[in-house]
Amino acid sequence: MKPNFIFILGTLTFFFIACKDEKGFASKLESVELKDASDSINTKGNILSERIIAPKGYHRIEIQSNSFESYLRNIALRPHDAEVKYFDGSTKSNNNVYCAVVDQNIGDKDLHQCADAVIRLKADYHWRQKEFDKIHFNLTNGFNVPYKRWMEGDRVKVTGNKTEWYSTNKHSNTYDNFWSYLEFVFTYAGTASLSKELESVPFKDMQIGDVLIQGGFPGHAVVVMEMAFNPQNNKKLFLLAQSYMPAQTLQILINPRNSNLSPWYELNDERKVITPEWTFSPQDLKRFSE
């Protein structure tokens, strides 16, 4: 569980409570013929697009190379039998929650929870693309923290009811420095801030990289990692990933509502999205503005 923080800014009080809990990507992939819709896992696949196969009749949607969508589609996965690990090295038993584990180091602090995992994916993508000016997130009190200032040596000081920048001589753009930025953001941001920062989009217009999020103390957030389309019936499917609390590695979720389709979910704006550990409504779909 993350520590709880209280900032008093003016007349407003903000509570920070869990759940806060490389270039060159393939742009189009064809589905593999399957015996049935449930035969969706290639245990030898090392990336998402190889591990999870689209059901018969479905094709992965077209996306641009080097895009955030392509980054998610080609994200590295741990071996098929890998289990989710908590920040302290212990294991999260797979009680019908996930079917794959993303190959990421999450550090040894209880920080990389639900919204943080979404922030990390977006930030990681832009950092690898050297788009440093596109890495910026709001804290729960609304204070914006751009990574470009952090890499130039500025830091944020939080004292009582004050949140302000101060200068250091720590000019650096190593991944370790980038990670220190992320851990700071993880500490003071969460579903409440991210849900305000993202823009609402109609469920029928879902794209890879969109987020289902309910801001709160706690709230929860899951990210759309992949989508597929069937031209014969015009139906779309999507995959979801989450972190949770305590802080844990990002995991590809199963579909508890439809075992034959799992881990794919059907895009239907008249239904709630029931995931193994949270239920969302179509109105919870949001998107990064950049």
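So, here's what we can say about the structure. (Residues numbered from 1 in each chain as written. Predicted model: local features only at pLDDT ≥ 70, side-chain atom pairs only at ≥ 80, totals over all residues. Heavy atoms only, no water.)

The tally for this structure, following the rule as stated, stands at 16 aromatic pairs. Centroid distance Tyr71 to Tyr125: 5.9 Å. Interplanar angle 45 degrees. Geometry classified as tilted. Taken together, the positions of Tyr71 in helix H2 (residues 68-73) and Tyr125 in helix H3 (residues 114-128) put the pair 54 residues apart, joining distant regions of the chain. You'll find Tyr71 and Tyr125 in the same group, each marked buried. Seen from their ring centres, Trp127 and Tyr175 are 5.1 Å apart, and the 85 degrees between their planes marks the pair as edge-to-face. Taken together, the residues Trp127 in helix H3 and Tyr175 in helix H5 (residues 175-188) connect sequence positions 48 residues apart. Looking at Trp127, the relative accessible area reads 18%, which means it is buried. Of the residues examined, Tyr175 reaches a relative accessible area of 28% and is grouped as partly exposed. Through successive ring pairs, a cluster of aromatic residues spans Trp127, Phe132, Tyr147, Trp150, Tyr175, Phe178, Tyr181, Phe184 and Tyr188. Between Lys122 and the ring centre of Phe68, over which it is positioned, the NZ or CZ distance is 4.7 Å. We note Arg149 situated over the ring of Trp165; from NZ or CZ to the ring centre the distance is 4.2 Å. (Phe/Tyr/Trp six-rings, centres within 6.5 Å; stacked < 30°, edge-to-face > 60°. Helix = DSSP H or I, 4+ residues; strand = E, 2+ residues; numbered from the N terminus. Buried < 20%, exposed > 50% of the residue type's maximum accessible area, 1.4 Å probe, protein only. Lys NZ or Arg CZ within 6 Å of the ring centre and 35° of its normal.)

Counted under the stated rule, the structure contains ten salt bridges. In this structure, Arg73 engages Glu226 in a salt bridge whose closest nitrogen and oxygen atoms are separated by 2.7 Å. In this pair, Arg73 sits in helix H2 while Glu226 sits in strand S13 (residues 220-230), placing the two residues 153 residues apart along the sequence. Both residues of the pair, Arg73 and Glu226, count as buried. We note a salt bridge from Asp103 to Arg78, for which the minimum N-O separation is 3.3 Å. A residue pair is termed long-range when its members are at least 10 positions apart, and Asp103 in the loop between strand S6 (98-101) and H3 and Arg78 in the loop between H2 and strand S4 (84-85) qualify at 25 residues. Connected via shared salt-bridge partners are Arg60, Arg73 and Glu226. (Salt bridge = Lys/Arg side-chain N within 4 Å of Asp/Glu carboxyl O.)

For the rest of this paragraph, the subject is unusual backbone geometry. Cis rather than trans, the peptide bond between Met245 and Pro246 has omega equal to -5 degrees. The peptide bond linking Ser262 to Pro263 adopts the cis configuration, its omega dihedral lying at 10 degrees. Along the chain, Pro263 falls in the loop between strand S15 (251-253) and strand S16 (265-266). In this structure, Asn96 takes a positive phi of about 55 degrees despite not being glycine.

In this structure, the second largest pocket encloses a volume near 220 Å³. Surrounding the second largest pocket, 15 residues form its lining, Phe68, Glu69, Lys122, Phe288 and Glu290 being those nearest its centre. When contributions to the lining of the second largest pocket are tallied by element, the ones reaching two or more residues are H2 and H3. Here the residues of the lining of the second largest pocket sort into four nonpolar, four polar and seven charged. (1 Å grid on protein atoms, 1.4 Å probe; cavity = no way out; pocket = protein on both sides within 12 Å on 5 of 7 lines; lining within 4 Å. Points joined across faces, edges and corners; volume = space filled by probe spheres on them. Nonpolar A, V, L, I, M, F, W, Y, C, P; charged D, E, K, R; others polar.)

Turning to the side chain of Gln251, a few remarks are in order. By secondary structure assignment, the location of Gln251 is in strand S15. A polar contact is formed between the side chain of Gln251 and the side chain of Lys92, at a distance of 2.9 Å. In terms of polar contacts, Gln251 uses its side chain to reach the backbone carbonyl oxygen of Thr249, at 2.9 Å. What Gln251 contacts, discounting residues up to four positions off in sequence, is Val84, Lys92, Val97, Tyr98, Ala100, Leu240, Ala241, Gln242, Ser243 and Glu277. (Polar contact = N/O pair within 3.5 Å; in protein donor to acceptor, adjacent residues only side chain to side chain. Contact = heavy atoms within 4.5 Å.)

Attention shifts here to the environment of Trp278. On the secondary structure map, Trp278 appears in strand S18 (residues 278-280). Taking C-alpha positions, Trp278 is 7.4 Å from His220, a pair spaced 58 residues apart along the chain. A polar side-chain atom of Trp278 sits 2.8 Å from a polar atom in the side chain of Gln214.

Nothing here speaks to function; it is geometry throughout.
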